[in-house]
Amino acid sequence: MSGLASAAAPNTPEARRAGAILSIDLDALKTNWRTCNAQTADGVETAAVVKAAAYGIGADRAAQALRSAGCKTFFVATIDEGIRLRSALGDGPAVHIFNGLMDGAERDYTHHGLTPVLNSLGEVDAWRAFCTGVGEPLACDIHVDTGMSRLGLENDEIQKVINDPDHLTHLKLDLILSHLTSSEVTSHPDNSAQLARFQHVLNHMPPARATLANSSAIFLGPEYHFDVTRPGVALYGVNPIPGQPNPMVQVVRLQAKILQVRTIDTPQTVGYGATHTAQRLERIATVSMGYADGYHRSLSNAGMAYIGGHKAPVVGRVSMDLITLDVSAVPEELCRPGMLADLIGPNNPVDDVAERAGTVGYEILTSLGSRFHRVYLNKET
């Protein structure tokens, strides 16, 4: 069970000054990595995707925790993310850069020990030229597009590499990777079609380790695992198998302070645009949270908070710094200025918040703002 359920607000000057507390359970993060790792056979490596500040929780702390759990390979999106991660982790763990080469930045990859994911034939040739210039083969990955139509070598580029292996001379090829479009839908026909295309490419490319499975694909079965899996959002508590019980535990808890409580009656309205009108005597709590903190405006008149286990719906519009809750059903002794309301927590996990916001857990997590007081929970030794 996640330590978040019993996490109490810290009694520190920083916490007392903060309008909201973001608690991050690093033990739960490690548990989720081990859950993903347990899905694969011996010999399959479980990496970790820690891009976008480890989906909002902080890449340095997340990667250090994951490393202590046994993770040896990390993926980020940009070279600057990779440089910061290398500084946090030191030498040893492999750090791969999804977004590939940046023109003129080749030496930054080698200086910081980063592995670029080459996403086009032009990038392959540019990296080969750089390796030739420095006089030694350097590590890289090759991304082949099997259906996403974003990054990755297109079919004609793949065929050129297969027909002319000289494209890969002077390269130290580590991984060949691709990315599934619909892995969270277990019955989607694109999964098996992309798997077949990826296997066909591997059969005609030089020997290298292969990686295809993201969080959801890990649960599609061993044929998708290859040599390395790349869990991302599941590590942070989002359900990788929607429609089924979530095998992951929650990593984050977001609590915001009540600033003021007032009583209103019809026909009084609440917030910008007067989108909520009191239908009866209502108690309204104004809470220190808004869209500047990543609490989505789409949660206006749709979000749900919990105070001491009691529901407190969001009423009125979410504004930049404030939201308003109907706390009529919350005992008054639990609802006073300075007390905390759960916006993400044991009763409202990330996926539930995302559903109410009309989005996905990825966006909820990566929107988490910088004004929170962050508390990292890590009891394991």
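The structure presented is a predicted model; accordingly, all values stated were derived computationally and were not measured. Every chain is numbered on its own, with residues counted from 1 as its sequence reads. Selection of residues for local features in this predicted model requires a pLDDT of at least 70, selection of side-chain atom pairs for listing and counting requires 80 or more, and totals for whole chains, interfaces and linings are taken over all residues. Heavy atoms throughout the structure, all of them, feed into the side-chain values; hydrogens and water do not.

Asker: Quick rundown of the overall build of the chain? Include the residues and the values.
Answerer: Helix and strand content of the chain: 12 helices and 19 strands. The principal-axis extent of the C-alpha atoms belonging to the chain is close to 75 × 45 × 40 Å. Summary of the burial criterion: residues with accessible area below 20% of their type's maximum are buried, those above 50% are exposed, and those between are partly exposed, where the area comes from a 1.4 Å probe applied to protein chains only. A total of 381 residues make up the chain; the buried ones form 51% of that total. Residue contacts are defined here by distance: any two heavy atoms, one from each residue, within 4.5 Å place the two residues in contact. By sequence separation, contacts in the chain at least 24 residues apart represent 65% of the contacts at least 6 residues apart. For the chain, the exposed surface amounts to about 16,700 Å²; the carbon and sulfur share of it is 49%. When the 31 positive and 40 negative side-chain charges of the chain are each reduced to one mean point, those points stand 9 Å apart. Counting from the N terminus, the helices are the DSSP runs of H or I reaching at least four residues and the strands are the DSSP runs of E reaching at least two. For the area figures, the Shrake-Rupley method with a 1.4 Å probe applies, and any residue is considered shielded solely by the protein chains shown. When charges are counted, Lys and Arg contribute as positive and Asp and Glu as negative, whereas His and the chain ends are disregarded. By convention, the point assigned to a charge is CZ for Arg, NZ for Lys, CD for Glu and CG for Asp.

Asker: Got a sec to walk through the pairing of strand E6 (residues 114–118)? Specific residues and values, please.
Answerer: Across the 5 residues of E6, 5 count as buried, placing the element largely inside the fold. A two-sided burial pattern is seen for E6, the buried positions comprising Leu 114, Pro 116 and Leu 118 on one face and Thr 115 and Val 117 on the other. Any two strands between which DSSP finds at least two bridges are classified as paired. Here strand E5 (residues 94–97) runs beside E6; their pairing, made up of 3 bridges, is parallel. Pairing of Ile 97 across the sheet is with Pro 116, part of E6. Running through helix H6 (residues 106–111), the crossover from E5 to the neighbouring parallel element E6 is right-handed. Strand direction decides the pairing type here: E6 and strand E7 (residues 138–143), joined by 2 bridges, are parallel. By the bridge assignment for E7, Leu 118 is matched with Ile 142. With the strands pointing away from the viewer, any crossover whose connection runs clockwise from the first strand over the helix to the second is right-handed. Chirality of the crossover, the property in question, places the unit of E6, helix H7 (residues 121–134) and E7 among those that are right-handed.

Asker: Before we move on, could you go through the packing of helix H4 (residues 59–69) against helix H5 (residues 79–89) and cite the residues and values that matter?
Answerer: Throughout, an axis means a line fitted to C-alpha atoms (over the contacting stretch in the case of helices), and angles, computed between N-to-C directions, take values from 0 to 180 degrees. Following both chains from N to C, one finds H4 and H5 inclined at 50°, their axes separated by 9 Å at the closest point. Between H4 and H5, the crossing angle belongs to the class labelled oblique. Between H4 and H5 lies a crossing of right-handed hand. Contact residues: Ala 59, Asp 60, Ala 63, Gln 64 and Arg 67 in H4; Arg 84, Leu 85, Ala 88 and Leu 89 in H5. Basically, the charged four are Asp, Glu, Lys and Arg, the nonpolar ten are Ala, Val, Leu, Ile, Met, Phe, Trp, Tyr, Cys and Pro, and anything else, Gly included, counts as polar. Looking at the contact of H4 with H5 residue by residue, the classes come out as 5 nonpolar, 1 polar and 3 charged. Convention used here: angles under 35 degrees read as roughly parallel, angles over 145 as roughly antiparallel, angles from 65 to 115 as roughly perpendicular, and any remaining angle as oblique. Crossing chirality is assigned from the near helix's rotation relative to the far helix, an anticlockwise turn below a right angle marking it left-handed and a clockwise turn marking it right-handed.

Asker: Could you give an account of the nonpolar core, with specific residues and numbers?
Answerer: By convention a nonpolar core is built from buried Ala, Val, Leu, Ile, Met, Phe, Trp, Tyr and Cys residues, the set being connected through side-chain atoms within 4.5 Å. If you look at the biggest cluster of nonpolar residues, it comprises 107 residues, and the most contacted ones within it are Leu 29, Trp 127, Met 289 and Leu 325. When residues of this core are assigned to their parent elements, the largest contribution, 6 residues, is made by H4. Ignoring anything within four residues of it in the chain, the contact list for Leu 325 reads Arg 283, Ile 284, Ala 285, Val 287, Ala 305, Ile 307, Ala 312, Pro 313, Val 314, Val 315 and Ala 341. Counting 5 residues, the second largest nonpolar core, distinct from the first, contains Val 270, Ala 278, Ile 284 and Val 315.

Asker: Tell me about the packing of aromatic side chains, and name the residues and values.
Answerer: Side-chain rings of Phe, Tyr and Trp (the six-membered ring for Trp) are treated as a pair once their centres are within 6.5 Å; stacked means planes under 30 degrees apart, edge-to-face means over 60, and tilted covers the remaining angles. Taken as a whole and assessed by the stated rule, the structure comprises 6 aromatic pairs. For the ring pair Phe 198 and Phe 226, a centre distance of 5.1 Å and an interplane angle of 90° mean the geometry is edge-to-face. With Phe 198 in helix H9 (residues 189–204) and Phe 226 in the loop between helix H10 (215–218) and strand E10 (228–229), the pair connects residues that are 28 residues apart, well separated along the chain. You'll find Phe 198 and Phe 226 in the same group, each marked buried. In this structure an aromatic cluster arises from ring pairing among Tyr 55, Tyr 236 and Tyr 362. Sitting over a ring, as applied to charges here, requires NZ of Lys or CZ of Arg to be within 6 Å of the ring centre and within 35 degrees of the ring normal. In this structure, Arg 61 is placed above the aromatic ring of Tyr 376, and the distance from its NZ or CZ to the ring centre is 4.3 Å.

Asker: Kindly report on the environment of Ile 162, identifying the contributing residues and their values.
Answerer: Within the fold, Ile 162 resides in helix H8 (residues 155–163). The spatial distance from the C-alpha of Ile 162 to the C-alpha of Thr 146 is 15 Å, given a sequence separation of 16 residues. In contact with Ile 162, other than residues within four places in its own chain, are His 204 and Met 205.

Asker: Any chance you could break down H9 for me, citing the residues and the numbers?
Answerer: Three or four residues apart is the spacing at which side chains of an α-helix point the same way, because the helix has 3.6 residues per turn. Expected span, for any helix, means 1.5 Å times one less than how many residues it has. Taking 1.5 Å as the rise per residue, H9 with 16 residues should run 22 Å; its terminal C-alpha atoms sit 24 Å apart, in good agreement. Of the residues making up H9, those classed as buried are Asn 191, Gln 194, Leu 195, Phe 198, Val 201 and Leu 202. Each buried residue of H9 lies within a common arc of 125° when the element is viewed along its axis, so the set occupies one face. Of the residues in H9, the exposed ones pointing more than 90 degrees away from the buried face are Pro 189 and Asn 203. Directions drawn from the helix axis to the C-beta atoms are what define this arc.

Any link to function would need more than the numbers given here.
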